[in-house]
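Geometric and topological summary
Single-letter residue listing:
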Amino acid sequence: MKREIQLPFDTGTIASLQAFDRVLLSGTVLVGRDQVHQRLSELLQNGEELPVPLQGETMYYMGPSATPDSMVIGSCGPTTSARMDRFVPALMEAGLIATIGKGPRSPQVTEAIRRHGGVYLIAFGGCGALYATKVVSQHVLAFGELGPEALVRLEIRDFPAIVGIDSRGNSVFD
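Residues numbered from 1 in each chain as written. Predicted model: local features only at pLDDT ≥ 70, side-chain atom pairs only at ≥ 80, totals over all residues. Heavy atoms only, no water.

Our focus in this paragraph is the overall build of the chain. Regarding its fold elements, the chain presents five helices and seven strands. The secondary structure elements of the chain, listed N-terminal to C-terminal, are β-α-β-α-β-α-β-α-β-α-β-β. Relative to its length of 174 residues, the chain is compact, with a C-alpha radius of gyration of 15 Å against a globular reference of 16 Å. A burial count over the chain gives 51% of its 174 residues as buried. Summarising the internal contacts of the chain: among those between residues at least 6 apart in sequence, 63% fall at separations of at least 24. Taken as a whole, the chain presents about 8,000 Å² of accessible surface, with 51% of it coming from carbon and sulfur. Of note, the chain has its 15 positive side-chain charges centred 6 Å away from the centre of its 18 negative side-chain charges. (Helix = DSSP H or I, 4+ residues; strand = E, 2+ residues; numbered from the N terminus. Rg over C-alpha atoms; globule rule 2.2 N^0.38 Å. Buried < 20%, exposed > 50% of the residue type's maximum accessible area, 1.4 Å probe, protein only. Contact = heavy atoms within 4.5 Å. Areas by Shrake-Rupley, 256 points an atom, 1.4 Å probe, with all protein chains shown as cover. Lys, Arg positive; Asp, Glu negative; His and termini not counted. Charge placed at Lys NZ, Arg CZ, Asp CG, Glu CD.)

A separate point is the packing of aromatic side chains. Per the stated rule, a full pass over the model turns up three aromatic pairs. Ring centres of Tyr60 and Phe159 lie 5.2 Å apart, and the angle between their planes is 80 degrees; on these two criteria the pair is classed as edge-to-face. You can see Tyr60 sitting in strand β3 (residues 58-60) and its partner Phe159 sitting in strand β7 (residues 151-165), a full 99 residues away along the chain. For Tyr60, a relative accessible area of 1% translates into the label buried. For Phe159, a relative accessible area of 1% corresponds to the buried category. (Phe/Tyr/Trp six-rings, centres within 6.5 Å; stacked < 30°, edge-to-face > 60°.)

Moving on, we come to helix α2 (residues 34-45). In this model α2 runs 16 Å from its N-terminal to its C-terminal C-alpha over 12 residues, within 8% of the 16 Å that 1.5 Å per residue would give. Buried residues of α2: Val36, His37, Leu40, Ser41 and Leu43, and no others. Projection of α2 onto a plane perpendicular to its axis shows the buried side chains occupying an angular sector of 160 degrees, all on one side. Summarising the contacts, the buried residues of α2 are in contact with β3, α3 (88-93) and β7. Gly47, located one to two residues past α2, shows a positive phi value of around 70 degrees. (Expected span 1.5 Å × (residues − 1). Arc of directions from axis to C-beta.)

Moving on: the nonpolar core. One finds Phe9, Leu25, Tyr60, Leu121 and Leu154 to be the most contacted residues of the largest nonpolar core, which totals 29 residues. Among the elements of the structure, β2 (22-31), β4 (98-101), β5 (119-122), α5 (128-132) and β7 are those that each provide at least two residues to this core. Ranked by residue count, the leading element in this core is β7, at six residues. Apart from the residues lying within four places of it in its own chain, the contact partners of Leu121 are Phe9, Val23, Leu25, Thr99, Ile100, Gly101, Ala161, Ile162, Val163 and Gly164. (Core = buried A, V, L, I, M, F, W, Y, C linked by side-chain atoms within 4.5 Å.)

Evaluated as defined, the whole model comprises eight salt bridges. Across the pair Glu145 and Arg39 runs a salt bridge, and its minimum N-O distance is 2.3 Å. Here the residue Glu145 occupies a position in the loop between β6 (135-142) and β7, and Arg39 occupies one in helix α2, the gap between them amounting to 106 residues. The exposure class of Arg39 is partly exposed, given its relative accessible area of 27%. (Salt bridge = Lys/Arg side-chain N within 4 Å of Asp/Glu carboxyl O.)

Laid out in structure tokens, this is it:
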């Protein structure tokens, strides 16, 4: 049985999730990969304002392919989460509450998730075409010059994922 979750997350919902739970996400998520994470981290380090508040946000790690005329977005499967691990503790400190990607996370990220009461969700690799059908809208928020690496907001509906690391630090990778 999959649990239907409305985004943004509330703390009660996150606290109720357990590693291995299957979820269907609906609502909005941010999209950002390596370059977005680096730029956000640099802004934080320099005490500058972020282009969007991170409080309560969920970040999906993906880079879309070209968008066909009949679609909102092209194939948009997850990318490897570990590439963002060095940035995640600071972004969670700034309010990021959840991430979506594929693969295991570092002990530092697991500790940041536990400390901030967050969650890591695993999207299914190889399912980019399926995920594209779950995107209702997309809007570039910042760093548009990065093309597919820009900071984007997606509205999603019935987006399937698995809880990879819950708010207590329990992990499907242990």
